[in-house]
Every structure is written in structure tokens, then in C-alpha cells.
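Chain and residue survey
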Amino acid sequence: KIEILGSGCKNCNDLEANTIEALTRLGYTAPVEHVKDFGQMAACGVMTTPALRVNEKVLLSGRVAKASEMEKLLKEALS
């Protein structure tokens, strides 16, 4: 399960786009869910957005990573 946590601002949308690009490069077709509920974010332990969560583990929080960095993070998390 791959989730972007954030309000839907430009940075959150950029992180989502970079995540999708990285998944495509890796050959994955997993859906990416965008969680905008602040209660859910807090329950996940995320206090700064945007954040990336894969299989219930927060991999990135508080910044937008480039697609190349996302590719590395996702490859490690999904293998």
C-alpha cells in the first residue's frame, strides 16, 4: 500500500507525481492513495507534510523528493 499524506498542496501533488514516475520506472502498477485527513496523518505519526508511507511505514516526511530518490526508496521498500 502506497500513500501520500498531505493536504493536497503543490508540494504534496509534486511528491505524488514523483512517486508515480518512480513506480513507472520500476515497472510497478500499484495504486497511490492520497490521504488528506489530518487525523489519519497524526495517527500515522506524521507531523510534517508531504509524506510518503509504504506498507504502513513512513519513508519520507516534510519534503519533496525527486523521482530518482523516490525510485531508490521504493525499490528498497517494495523488495
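Residues numbered from 1 in each chain as written. Predicted model: local features only at pLDDT ≥ 70, side-chain atom pairs only at ≥ 80, totals over all residues. Heavy atoms only, no water.

**A few points about the overall build of the protein**
Along the backbone of the protein there are three helices and four strands. For the protein, whose C-alpha radius of gyration is 11 Å, the value lies close to the compact-globule estimate of 12 Å for 79 residues. Principal axes of the C-alpha set define a box for the protein whose edges measure 30 × 25 × 20 Å. Counted over contacts in the protein with a minimum sequence separation of 6, partners at least 24 positions apart contribute 63%. If you sum the accessible surface of the protein, you get close to 4,600 Å²; carbon and sulfur atoms cover 49% of it. Looking at charge distribution, the protein has the averaged site of its 10 positive side-chain charges lying 5 Å from that of its 10 negative ones. (Helix = DSSP H or I, 4+ residues; strand = E, 2+ residues; numbered from the N terminus. Rg over C-alpha atoms; globule rule 2.2 N^0.38 Å. Contact = heavy atoms within 4.5 Å. Areas by Shrake-Rupley, 256 points an atom, 1.4 Å probe, with all protein chains shown as cover. Lys, Arg positive; Asp, Glu negative; His and termini not counted. Charge placed at Lys NZ, Arg CZ, Asp CG, Glu CD.)

**Digging into the nonpolar core**
The biggest cluster of nonpolar side chains holds 13 residues, and the ones touching the most others in it are Ile2, Leu15, Leu52, Leu60, Met70 and Leu74. Looking at this core, the elements with two or more residues in it are strand 1 (2-5), helix 1 (10-26), strand 3 (51-54) and helix 3 (67-78). With residues near it in sequence (within four places) discarded, Leu60 still touches Leu15, Pro50, Ala51, Leu52, Ala65 and Met70. If you look at the next biggest cluster of nonpolar residues, it comprises five residues, including Val35, Met41, Val46 and Ala51. (Core = buried A, V, L, I, M, F, W, Y, C linked by side-chain atoms within 4.5 Å. Buried < 20%, exposed > 50% of the residue type's maximum accessible area, 1.4 Å probe, protein only.)

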